[in-house]
Amino acid sequence: MTLYTNMPLELVLEGFNDEMENLQEIWSNGVKMQVMPVAPGMGKIVRLLECQLDDYLNPKFMPGNIIHYQ
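Residues numbered from 1 in each chain as written. Predicted model: local features only at pLDDT ≥ 70, side-chain atom pairs only at ≥ 80, totals over all residues. Heavy atoms only, no water.

Draft legend 1. Fine view of the pattern of salt bridges. Enumeration according to the criterion identifies two salt bridges in this entry. Residue glutamate 25 is joined to lysine 32 by a salt bridge in which the shortest nitrogen-to-oxygen separation is 3.4 Å. Owing to a relative accessible area of 18%, lysine 32 belongs among the buried residues under this scheme. It is possible to trace a salt-bridge network through shared partners that takes in Glu25, Lys32 and Glu50. (Salt bridge = Lys/Arg side-chain N within 4 Å of Asp/Glu carboxyl O. Buried < 20%, exposed > 50% of the residue type's maximum accessible area, 1.4 Å probe, protein only.)

The structure is reproduced here in structure tokens:
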């Protein structure tokens, strides 16, 4: 991979080796997604894993939204 940038390499690779936070895979409304837990039964959507194509356009499944699950 070649990366052309005028930014310092330290800035580009900052956090590259940091460990990922605890992510969970859940099903909600027929959509399998990865969430980052923020409270018991609540999580911030990181990404969609299994869903219909129309679900990507649904604003309630946008990454960063808080979702309630069980």
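Draft legend 2. Broad picture of the nonpolar core. Ranked by size, the top nonpolar core spans nine residues in total: Ile26, Val31, Met33, Val35, Ile45, Leu48, Phe61, Ile67 and Tyr69. Elements with a contribution of two residues or more to this core: strand E2 (31-39) and strand E3 (42-50). Of the residues forming this core, the biggest block, three residues, is contributed by E2. Every residue in contact with isoleucine 26, bar those within four places of it in the chain, is listed here: Val31, Lys32, Met33, Val35, Ile67 and Tyr69. (Core = buried A, V, L, I, M, F, W, Y, C linked by side-chain atoms within 4.5 Å. Helix = DSSP H or I, 4+ residues; strand = E, 2+ residues; numbered from the N terminus. Contact = heavy atoms within 4.5 Å.)

Draft legend 3. Quick look at the side chain of lysine 32. Mapped onto the fold, lysine 32 is located in strand E2. Within the local environment of lysine 32, its side chain forms a polar contact with the side chain of glutamate 25, the two groups lying 3.4 Å apart. Those residues in contact with lysine 32 that sit more than four places away from it in its chain are Glu25, Ile26, Trp27, Leu48, Leu49 and Glu50. (Polar contact = N/O pair within 3.5 Å; in protein donor to acceptor, adjacent residues only side chain to side chain.)

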